[in-house]
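# Examining the three-dimensional arrangement
The lines below spell out each chain.
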Amino acid sequence: MNTFSPNKEGFYGEFGGAFVPEMLYPNVQELQNRYREIIETDDFQKEFRELMRDYVGRPTPLFYSKNLSEEHNAQIYLKREDLNHTGAHKINNTIGQILVAKKLNKKRIIAETGAGQHGVATATACALMGMKCVIYMGAVDIERQKPNVDRMKLLGAEVVSATSGSKTLKDATNEAIRAWINNPVDTHYIIGSVVGPHPYPDMVAMFQSVISEEIKVQLLEKTRNEDPDYVIACLGGGSNAIGAFYHFIDNNKTKLIAVEAGGEGVHSGKTAATIALGKRGIIHGSKTYLIQTEDGQVVEPHSISAGLDYPGIGPVHAYLNDTQKATVVSVTDQEALVAAKELSQKDGIIPALESAHALAYLKKMTFKKEDVVVINLSGRGDKDMATYQKHFKL
Ligand SMILES: *Cc1c(COP(=O)(O)O)cnc(C)c1O
C-alpha cells in the first residue's frame, strides 16, 4: 500500500512529529503504536475496500475531457472524486479512521469542522457504523454553514459550538483537543486532513492513496502507461493532493503540482498561500510551514473556498516542496471562480471551489500535445452554490 512514509517519529525530513501536550500522550501513542499494524491486516483491508466500493462508490471515474484537452493542447483527465458519496474525497479518510477506531474499541468519535464538509463526512461514517458522534464547530461557522449543520444533525451527530477566539476552525480544533483529553479511553478524534501530530498525516495519506492507486489502473487501461506527465491538485491541509500524488512520488517522470489558495493575492494580506508566505513553526501538533506574524502569532487566512482556508499545511507537503518533489503554486479567488464557471458550461460538471483552484492553474501552463495531465477534482460544487449565485448574479 505504501511507497512513501515518514520515519518512526513521524518526521518527513525536518517536518512533522508529534508536538502535543503531555495529557494527550496516551491517546497519540496508542495510535502511533497500532495504526500500521491495524491498517495492514487483510481483515481491515477487506472491510475498507468493500465499503469504498459499495458505500462510497469507488472506483471513481477517470474522465477524459475533450474540451479541456483541446483548449490546453494536452491530454487532460479529471479524477472524479466529486462523485463520491457525500460529494468529496473526505469520506475515504473518515471511513478508514472509523474502522481503526473500532479496532481500538472506541465507542465515541469527535471531530472538528470548518465549513462542515469534514463534519458531514464524519457524521455519515458514524451513522453507518453506529458510533456516537460529536462535532466541534466555531459559532461563526455554525451561522454561515447552516445546511451542513442541519445535515450533521439529521445524520444523528451532536454539534457543539466553539465560542472562544475568532469562533472559527482553529477554535473548534482547540475545543476538540480539550474534549479528547477529557475522554482519552473511549474516544477517537478523527482529523480531516494530513495535518496534526504523527500518526495522523501518514494515516490519512494511506487512506487517501486509493485515489492515485486507481489513477494508475485507469491510465494503464486508457493510455497503456500508468504514469501521467502531470498530476495537479488543490492544497488545503493537503489530503486530496497527497492522495492523488502518493503512488507517483517515487517515479521520476510525473510532475506533481499543488495549488494553494492565493485569496485576493499572495501579498494582499487576504490569502491562504501557506508555502508562498509561510515560515517554519508548530501548528496543531506538527512542525510545518504556517502563515504567522513576526512574533509567531498565527495569521487568520482567507480564501473564497472554505476547504482551503487553513493557515498551515500538512508536513508531507512542506517536505515535498523543500525537496522539490512537488511544485507548489497559487491561484486567486477570482481565477478559481472563472475556472468553476468554465468547467460547468463546457463539461457540465459543477466543481467545488477548492477543486476549481487546480483547474485554474491549467491556464498558467504550457504543454506538449502528448502530455498526459490528471486533475484531481476533489469535490462537487453543490455546497458552493451560494457563492456562485452571488458572484455570477444567477
Ligand atoms: C476539504 C476539501 C479540500 C481541502 O482539503 P485537503 O485536505 O487539502 O484535500 C479540497 N477539496 C474539497 C472538495 C474539500 O471538501
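Residues numbered from 1 in each chain as written. Predicted model: local features only at pLDDT ≥ 70, side-chain atom pairs only at ≥ 80, totals over all residues. Heavy atoms only, no water.

By the naming in an unreviewed UniProt entry, the protein goes by Tryptophan synthase beta chain and is assigned to Planktosalinus lacus. If you open the UniProt record of the protein and go to Catalytic activity (unreviewed entry), you find "(1S,2R)-1-C-(indol-3-yl)glycerol 3-phosphate + L-serine = D-glyceraldehyde 3-phosphate + L-tryptophan + H2O". The record in UniProt for the protein states the following under Function (unreviewed entry): "The beta subunit is responsible for the synthesis of L-tryptophan from indole and L-serine." (UniProt positions renumbered as here; feature names shortened; annotations may be inferred.)

A few words on the overall build of the protein. In terms of regular secondary structure, the protein is built from 16 helices and 14 strands. For 394 residues, the compact-globule estimate of 2.2 N^0.38 gives 21 Å, and the C-alpha radius of gyration of the protein, at 19 Å, lies within 12% of that figure. Relative to its full complement of 394 residues, the protein shows a buried share of 59%. Taking as baseline every contact in the protein between residues at least 6 positions apart, the subset at least 24 positions apart corresponds to 73%. Of the roughly 15,900 Å² that the protein leaves accessible, carbon and sulfur atoms contribute 50%. Considering the protein, the positive charge centre built from 44 side chains and the negative charge centre built from 47 side chains are found 3 Å apart. (Helix = DSSP H or I, 4+ residues; strand = E, 2+ residues; numbered from the N terminus. Rg over C-alpha atoms; globule rule 2.2 N^0.38 Å. Buried < 20%, exposed > 50% of the residue type's maximum accessible area, 1.4 Å probe, protein only. Contact = heavy atoms within 4.5 Å. Areas by Shrake-Rupley, 256 points an atom, 1.4 Å probe, with all protein chains shown as cover. Lys, Arg positive; Asp, Glu negative; His and termini not counted. Charge placed at Lys NZ, Arg CZ, Asp CG, Glu CD.)

As annotated in UniProt, the feature "modified residue: N6-(pyridoxal phosphate)lysine" (unreviewed entry) corresponds to K90 in the numbering used here. Mapping K90 onto the fold places it in helix 4 (residues 90-103). Dropping the residues within four chain positions of it, K90 is found in contact with Q117, H118, A121 and Q208.

On to the domain arrangement of the protein. Splitting the protein by domain gives domain 1 (12-51 + 90-204) and domain 2 (57-88 + 209-392). Taking only C-alpha atoms into account, the centre of domain 1 sits 23 Å from that of domain 2. Listed by partner, the interface residues are 28 residues for domain 1 and 33 residues for domain 2. For the pair domain 1 and domain 2, the two sides together bury roughly 2,600 Å², of which 62% comes from carbon and sulfur. Summed over the shared surface of domain 1 and domain 2, the number is 3 salt bridges. Where E14 meets R280, a salt bridge forms, and the shortest distance between an N and an O atom there is 2.9 Å. Across the domain 1-domain 2 interface, the total number found is 10 residue pairs in polar contact (both at pLDDT 80 or more). Of all the elements in the fold, those that place two or more residues in the side of domain 1 that touches domain 2 are strand 2 (15-16), helix 4, helix 5 (117-129), helix 8 (169-182) and helix 9 (200-208). In terms of residue class, the side of domain 1 that touches domain 2 is built from 12 nonpolar, 12 polar and 4 charged. (Domains from an automatic or database assignment. Buried area = accessible area lost by both parts, 1.4 Å probe. Salt bridge = Lys/Arg side-chain N within 4 Å of Asp/Glu carboxyl O. Polar contact = N/O pair within 3.5 Å; in protein donor to acceptor, adjacent residues only side chain to side chain. Nonpolar A, V, L, I, M, F, W, Y, C, P; charged D, E, K, R; others polar.)

Looking now at helix 15 (residues 353-360). The buried fraction of helix 15 amounts to 8 of the 8 residues, a majority that puts the element mostly inside the structure. All of the buried residues along helix 15 are L353, E354, S355, A356, H357, A358, L359 and A360.

Turning our eyes to something else, we now look at the pattern of salt bridges. Enumeration over the complete set of coordinates arrives at 29 salt bridges. Close ionic contact of E30 with K106 constitutes a salt bridge, the shortest N to O distance being 3.0 Å. Remark: K106 occurs in the loop between helix 4 and strand 5 (108-113) and E30 occurs in helix 1 (residues 25-39); sequence separation between them is 76 residues. You can call E30 partly exposed: its relative accessible area is 28%. Each of E14, R280, K287 and D322 takes part in a single network of salt bridges with overlapping partners.

So, about the sheet that holds strand 7 (residues 158-162). Here 4 strands make up an open sheet; going across it, the order is 7-6-5-8 and the pairing parallel. Looking along the sheet, the strands with just one partner apiece sit at the ends: strand 7 and strand 8 (187-189). Within this sheet the neighbouring strands show an average axis-to-axis angle of 25°, counted without direction. Strand direction decides the pairing type here: strand 5 and strand 8, joined by 3 bridges, are parallel. Bridge pairing in strand 8 links I110 to Y189. (Pairing = 2+ DSSP bridges. Axes fitted to C-alpha atoms, helices over the stretch in contact; angles between N-to-C directions.)

Taken together, 16 residues lie around the ligand, and K90, S193, G238, S239 and S378 are the ones closest in. G236 has a polar backbone atom sitting 2.8 Å from an oxygen atom of the ligand. For the ligand, whose unbound accessible area comes to 380 Å², protein coverage reaches 97%. By residue class, the composition of the shell around the ligand is 4 nonpolar, 10 polar and 2 charged. (Near = heavy atom within 4 Å.)

Let us now look at helix 10 (residues 210-223). Three- or four-residue spacings in an α-helix give side chains the same orientation, since the helix completes a turn every 3.6 residues. Along its 14 residues, helix 10 runs 20 Å from first to last C-alpha, staying within 8% of the 20 Å computed at 1.5 Å per residue. Three or more residues of helix 10 are buried, namely V210, I211, S212, E214, I215, K216, Q218 and L219. On the buried face of helix 10, the contacting elements are strand 3 (62-64), strand 4 (75-80), helix 4, helix 9, helix 11 (239-245) and strand 14 (372-377). Of the residues flanking the end of helix 10, it is R224, one or two places downstream, whose phi is positive at about 65°. (Expected span 1.5 Å × (residues − 1).)

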